[in-house]
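Chains, contacts and geometry: an overview
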Amino acid sequence: MFQNPDDAVLKEILSKSRRIAVVGLSNKPERDSYRVARYMKERGYEIIPVNPMIHETLGERAYPELRAIPHPVDVVNVFRRAEEVPEIIEAVLQLNFQPVIWLQLGVVHQEAAEKARARGLTVVMDRCLMVEHRRLLGDSC
């Protein structure tokens with residue numbers, strides 16, 4: 001059964017990562033994806049929106065899919081329904097780099113997470129990036 005990385009690993013991810021692709025990032029301020037991405041951006045992380053329905057959000061150009069991003073990212077933060085996770089994992093596995101896959105609070109897909117881990121990727125599941133950042137690093141970096 002899947003087990004999330006321990007706090008030491010989560011803290012290392014949050015401390016060393018600088019570029020976060022946010023799959024499903026909305027341009028609506030009331031959405032969780034927007035609030036979490038804004039929080040991370042305000043703390044110095046580069047946010048890359050991935051959403052085919054928008055052109056930009058948070059002052060950043062949006063990309064229609066992960067493979068359209070022209071440079072590697074450190075974390076792929078997923079704000080999509082659980083049934084969409086296998087397709088997102090497949091897209092990540094086809095990239096030329098190995099980001100951490102971070103599935104937001106409420107997003108759980110055991111089989112897809114295990115597949116990614118079997119291919120050497122670090123996966124965090126059912127955890128909020130912003131909550132973990134506050135808990136492990138305080139309110140700022």
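A brief report on the enclosed structure follows. (Residues numbered from 1 in each chain as written. Predicted model: local features only at pLDDT ≥ 70, side-chain atom pairs only at ≥ 80, totals over all residues. Heavy atoms only, no water.)

Look at helix H3 (residues 85-93) against helix H4 (residues 110-118): their axes get within 9 Å of each other, and the N-to-C directions meet at 10°. Judged by the angle between their axes, H3 and H4 are roughly parallel. Where H3 crosses over H4, the handedness of that crossing is right-handed. Facing Val 85, Pro 86, Ile 89, Glu 90 and Leu 93 of H3, the residues of H4 in contact are Ala 112, Lys 115 and Ala 116. Here the contact of H3 with H4 is built from residues that sort into 6 nonpolar, no polar and 2 charged. (Axes fitted to C-alpha atoms, helices over the stretch in contact; angles between N-to-C directions. Helix = DSSP H or I, 4+ residues; strand = E, 2+ residues; numbered from the N terminus. Parallel < 35°, antiparallel > 145°, perpendicular 65-115°, else oblique. Left-handed = near helix turned anticlockwise from the far one by under 90°. Contact = heavy atoms within 4.5 Å. Nonpolar A, V, L, I, M, F, W, Y, C, P; charged D, E, K, R; others polar.)

Quick look at the sheet that holds strand E6 (residues 100-103) now. One open sheet holds the 5 strands; their spatial order is E2-E1-E5-E6-E7, and the pairing between them is parallel. Because the sheet does not close on itself, it has two edges, and the strands there are strand E2 (46-50) and strand E7 (123-124). Alignment of strand E1 (residues 19-23) against strand E5 (residues 75-78), held across 4 bridges, turns out to be parallel. In the sheet register, Val 23 faces E5, and the bridge partner there is Val 78. (Pairing = 2+ DSSP bridges.)

Within the structure shown, the criterion is met by 0 aromatic pairs. Here Arg 18 stacks its cationic end above the ring of Tyr 45, 4.3 Å away from the centre of that ring. (Phe/Tyr/Trp six-rings, centres within 6.5 Å; stacked < 30°, edge-to-face > 60°. Lys NZ or Arg CZ within 6 Å of the ring centre and 35° of its normal.)

The alternating pattern of E6 places Val 100 and Trp 102 and Ile 101 and Leu 103 on opposite faces, both of which are buried. Pairing between E5 and E6: 4 bridges, direction parallel. When the sheet's bridge partners are listed, Val 78 is paired in E6 with Leu 103. The handedness of the E5 to E6 crossover, carried by H3, is right-handed. As judged from the 2 bridges shared by E6 and E7, these two strands associate in the parallel manner. Across the sheet, the residue bridging to Trp 102 is Val 124, located in E7. Since E6 and E7 lie parallel, the crossover through H4 that links them has a hand, and here it is right-handed. (Buried < 20%, exposed > 50% of the residue type's maximum accessible area, 1.4 Å probe, protein only. Right-handed = clockwise from strand over helix to strand, strands pointing away.)

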